[in-house]
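What follows is the residue order along each chain.
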Amino acid sequence: MAALTDILSGFRSVGSERLRIGDDSDAVQPFVAVDSAKLRVEVAAGVSARLVVVHEKPLASSLSFLLERGAQLEVTEVFLGEAFAEVRTVQAADSSCCLTAVQLAGANVSYRIDLDGAHAASRVGGLFLAAESEHCVMELRTAHNVPDCTSDSLMKGIAGGNAVGEFRGLVYVAPDAQRTDARQQSRNILLSETARIDAKPQLEIYADDVKCSHGATVGQMDAEAILYMRQRGLSLAQARRLQIEGFAGDVVRRCGIGELGEVLMEAVARKMETM
Amino acid sequence: MLSIKNLHASVDGKEILRGIDFEVKAGEVHAIMGPNGSGKSTLASVLAGNEKFTVTEGYATFLGQDLLAMSIEDRARAGLFLGFQYPVEIPGVTMANFMKLAVNEQRKFRGQEPLSAAEFLKLMREKSAVVELDAKLTSRAVNEGFSGGEKKKNEIFQMAMLDPKLAILDETDSGLDIDALRIVATGVTKLHTPQNATVVITHYQRLLDYIVPDVVHVLYKGRIIHSGDKTLALKLEKEGYDWLINEYKE
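Residues numbered from 1 in each chain as written. Chains lettered and ligands numbered in written order. Predicted model: local features only at pLDDT ≥ 70, side-chain atom pairs only at ≥ 80, totals over all residues.

## Considering the overall build of chain A
Convention followed: Only runs of H or I of at least four residues qualify as helices and only runs of E of at least two qualify as strands under DSSP, and these elements are numbered from the N terminus. Radius of gyration: C-alpha atoms only; globule rule: 2.2 Å multiplied by the number of residues to the exponent 0.38. Contacts are defined on C-beta atoms placed from the backbone: any two residues whose C-beta positions lie within 7 Å are in contact.
Of regular secondary structure, chain A possesses four helices and 17 strands. Computed over the C-alpha atoms, the radius of gyration of chain A is 19 Å, within 12% of the 19 Å expected from 2.2 N^0.38 for a compact globule of 275 residues. Long-range pairs, those at least 24 residues apart, make up 71% of the contacts in chain A with a sequence separation of at least 6.

## Looking at the overall build of chain B
Short version of the rule: Partly exposed residues are those whose C-beta has more than 12 but fewer than 20 other C-beta atoms within 10 Å; with 20 or more the residue is buried, with 12 or fewer it is exposed, and the C-beta atoms are placed from the backbone.
Per the secondary structure count, chain B includes nine helices and 12 strands. The C-alpha radius of gyration computed for chain B amounts to 18 Å, which stays within 12% of the reference 18 Å derived for 250 residues, consistent with globular compactness. Principal-axis analysis of the C-alpha atoms places the extent of chain B at approximately 60 × 40 × 35 Å. Among the 250 residues that make up chain B, the fraction classed as buried is 44%.

## Brief notes about the nonpolar core
The nonpolar side chains of a soluble globular protein tend to be buried, and buried together. The following threshold applies: The term nonpolar core refers to a set of buried Ala, Val, Leu, Ile, Met, Phe, Trp, Tyr and Cys residues connected through C-beta atoms within 7 Å.
Ranked by internal contacts, the top residues of the largest apolar core, which has 79 residues, are Leu-47, Phe-81, Phe-98, Leu-166, Ile-168 and Val-184 of chain B. Ignoring sequence-local partners within four residues, the contact set of Phe-98 of chain B consists of Leu-242 of chain A together with Ile-90, Val-93 and Val-142 of chain B. Of all hydrophobic cores here, the second largest spans 77 residues; its members include Ala-92, Ala-130, Ile-197 and Leu-264 of chain A.

## What about the confidence of the model for chain B?
Residue and element names in this part refer to chain B. So the rule is basically this: What pLDDT reports is the predictor's confidence in each residue, on a scale of 0 through 100.
Looking at chain B as a whole, its pLDDT mean stands at 92, while 100% of the residues score no less than 70. Per-element mean pLDDT across chain B ranges from 80 in helix H9 (residues 242-249) up to 97 in strand S6 (residues 80-83). In the model output, the complex is listed with pTM 0.85 alongside ipTM 0.94.

## Examining unusual backbone geometry
Residues and elements named next belong to chain A. In this structure, Asp-94 takes a positive phi of about 60° despite not being glycine. Positive phi values are uncommon outside glycine, yet His-119 reaches one of about 65°. By secondary structure assignment, the location of His-119 is in the loop between strand S10 (108-115) and strand S11 (121-130).

## So, the sheet that holds strand S14 (residues 164-173) of chain A
All names here are of chain A. Heads up, the rule is: DSSP bridges decide pairing: two strands pair if at least two such bridges lie between them. For helices, the fitted line uses only the C-alpha atoms of the stretch in contact; every axis is such a line through C-alpha atoms, and the angle between N-to-C directions lies from 0 to 180 degrees.
Pairing within the open sheet is parallel, and its eight strands lie in the order S2-S4-S6-S8-S10-S12-S14-S16. Here the strands that pair on one side only, and so sit at the sheet edges, are strand S2 (18-21) and strand S16 (196-205). Going across the sheet, the axis of each strand differs from the next one's by a mean of 10°, ignoring polarity. Pairing analysis gives six bridges linking strand S4 (residues 38-43) to strand S6 (residues 60-67), with the strands arranged parallel. In the strand pairing of S6, Arg-40 is matched with Ser-64.

## Some thoughts on the packing of helix H1 (residues 2-9) of chain A against helix H4 (residues 258-273) of chain A
Residue and element names in this part refer to chain A. Threshold: Here the angle decides the label: under 35 degrees means roughly parallel, over 145 means roughly antiparallel, 65 to 115 means roughly perpendicular, and every other value means oblique. The crossing is said to be left-handed when, going from far helix to near helix, the turn is anticlockwise and less than a right angle, and right-handed when the turn is clockwise. Each residue receives one of three labels: charged for Asp, Glu, Lys and Arg, nonpolar for Ala, Val, Leu, Ile, Met, Phe, Trp, Tyr, Cys and Pro, and polar for the others, Gly being one of them.
As a packed pair, H1 and H4 sit with axes 9 Å apart at the nearest point and diverge in direction by 165°. As judged from the angle between their axes, H1 and H4 are roughly antiparallel. For the element pair H1 and H4, the recorded crossing hand is left-handed. On H4, the residues that touch Ala-3, Leu-4 and Ile-7 of H1 are Glu-259, Leu-260, Val-263 and Glu-266. Within the contact of H1 with H4, the residues separate by chemical class into five nonpolar, no polar and two charged.

## Structural notes on the sheet that holds strand S3 (residues 31-34) of chain A
Two pairing modes exist for strands in a sheet, parallel and antiparallel, and in both the strands are linked by backbone hydrogen bonds. Residue and element names in this part refer to chain A. Here nine strands make up an open sheet; going across it, the order is S1-S3-S5-S7-S9-S11-S13-S15-S17 and the pairing parallel. A strand with exactly one partner marks an edge of an open sheet, and here the two such strands are strand S1 (12-13) and strand S17 (210-220). In this structure, strand S15 (residues 180-190) lies alongside S17, joined through 11 bridges in parallel fashion. Within the sheet, the bridge partner assigned to Ala-182 lies in S17 and is Cys-212.

## Comments concerning the interface of chain B and chain A
Counting residues at the interface gives 20 residues for chain B and 18 residues for chain A. For the side of chain B that touches chain A, the elements supplying multiple residues, two or more each, are helix H2 (72-77), strand S7 (90-94), helix H3 (95-109) and helix H5 (148-162) of chain B. Top element by residues in the side of chain B that touches chain A is H3 of chain B. It accounts for five residues.

## Thoughts on the pairing of S4 of chain A
Sheet analysis places S2 of chain A next to S4 of chain A, joined by four bridges and oriented parallel. What sits directly across from Arg-18 of chain A, in S4 of chain A, is Arg-40 of chain A.

## A word on the packing of helix H4 (residues 117-130) of chain B against H5 of chain B
Between two packed helices, what matters for the description is the angle formed by their axes and the separation of those axes. Residues and elements named next belong to chain B. Contact geometry of H4 with H5 gives a least axis separation of 9 Å together with a crossing angle of 135°. Considering their axes alone, H4 and H5 lie oblique with respect to each other. Taken as a pair, H4 and H5 cross one another with a handedness that is right-handed. Facing H4, whose interface residues are Leu-123, Lys-127, Ser-128 and Val-130, H5 presents Phe-157, Ala-160 and Met-161. Classifying every residue of the contact of H4 with H5 gives five nonpolar, one polar and one charged.

## Some thoughts on the environment of Thr-100 of chain A
All names here are of chain A. Looking at the element boundaries, Thr-100 is found in strand S9 (residues 96-103). The class for Thr-100 is buried, based on 26 C-beta atoms found within 10 Å. In sequence terms Thr-100 and Val-54 are 46 residues apart; their C-alpha atoms lie 12 Å from each other. Filtering out sequence-adjacent residues up to four positions away, Thr-100 remains in contact with Thr-76, Glu-77, Gly-125, Arg-254 and Cys-255.

## As for helix H3 (residues 236-252) of chain A
Our working rule: A helix is expected to span 1.5 Å multiplied by its residue count minus one. Take the seven residues that end at a residue and the seven that start at it, fit an axis to each, and the angle between those axes is the bend at that residue.
Helix length check: H3 of chain A, at 17 residues, gives a terminal C-alpha distance of 23 Å against a target of 24 Å (1.5 Å per residue), a fit within 8%. Bending of H3 of chain A peaks at approximately 30° at the position of Gly-246 of chain A.

## Describing the environment of Phe-98 of chain B
Structurally, Phe-98 of chain B can be placed in helix H3. Expressed as a C-alpha distance, the spacing of Phe-98 of chain B and Glu-28 of chain B, which sit 70 residues apart in the sequence, is 29 Å.

Have a look at this one:
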């Protein structure tokens, strides 16, 4: 992952367990945290920030992101090792948080997002690539605790070999959280007969004026599309790669750092070639 | 260019093609007609190399090579193009990206250098004009959200980009309104040269008003039961297939 290291070396490294991003921070340059066992990030009111979290070692980590009123945070979390991460996000009114998680190893991540202030917005994109006997888990619990918040999650999984992938999603809408707009999608592709993906998107709604949707699909590579691409001269490997890039691209490129998205797509494609 | 002898093919143990003999030379246009279920699309798929079908007997050569021994992509790279009856949507893959890979892959096969970004864009602009394809479509995902007419124009656009030796167009006219039919058919005609050949599979005579065939074949129950000149299509349009089928039975 030399390309990834290159990009990250240009970012501001987070050394301590607590980071407060205030008005004085240079919003342009992202922060990066590698293998933090514990990290609490606070984004001050009205401030925008970007953060990259990398898990290289098979460690447990506990992360929390607190967004004050009107704060904006973009987090890209990359799993290169078998890490276990618990991520808590608490959002005040008018804040917006975009999380992108890319699992390139059999990792386990659990997100808990609390939308605590009106007009808070959460956007989550997740991708796992489970090969051989890897086991990838993504858990996402989004709580709409107050009215007028929005959440939108798109989780994608690819499993080959004897791998197992799990997505457990829950959107919770509190009794008073009227006019909630929540969307939750899980799309998955199995590359082998023995791979398995369990996708469970769930809704728990206690308010009556809400717009909530959820769905999950598990399918195979599109043989017709592969045939079509090969008929135009692409090799089987190229056609598969292009299809996976097309499948994963919208999630991975959700990450707010363009060049990082491209490097991650490259890593996804390389791993795919071994699956 | 293409020579087929006694070609038999089946799918799931069911024989669909039952002895096809067929010869296409450079510069020719052939039309294949026939009632539903006669094996027209199967013939196109087998020639393109669709692995769903098993060739049980016979052989086919393309530009002197054993066509049936080649992979789908090698057939394409050697210059065989199939215009799909139902073009496939590929979410997340842009037309431009897809075509760039395809064009350069085919160039590599022929020992040519890949096109530069500028050369490629120029080629796309030039070729999208052939079928009046909205330039915006090339930045969209392959066939995704394209109308029926746009999908078929897009097939001919790809044919123009890849400049094949032999194009097999499987019901390219189906689902087209009169204007789209004219544009698509005129596009095919523009691409025709004395060095290449076209095989059009169609149900309707009207396509052949634009793409005038040298030979019209009638496929029935997996065999070519009759071949004639372009007037055969007109006769079929007027009288249907029954007279041929009855003749064939006797």
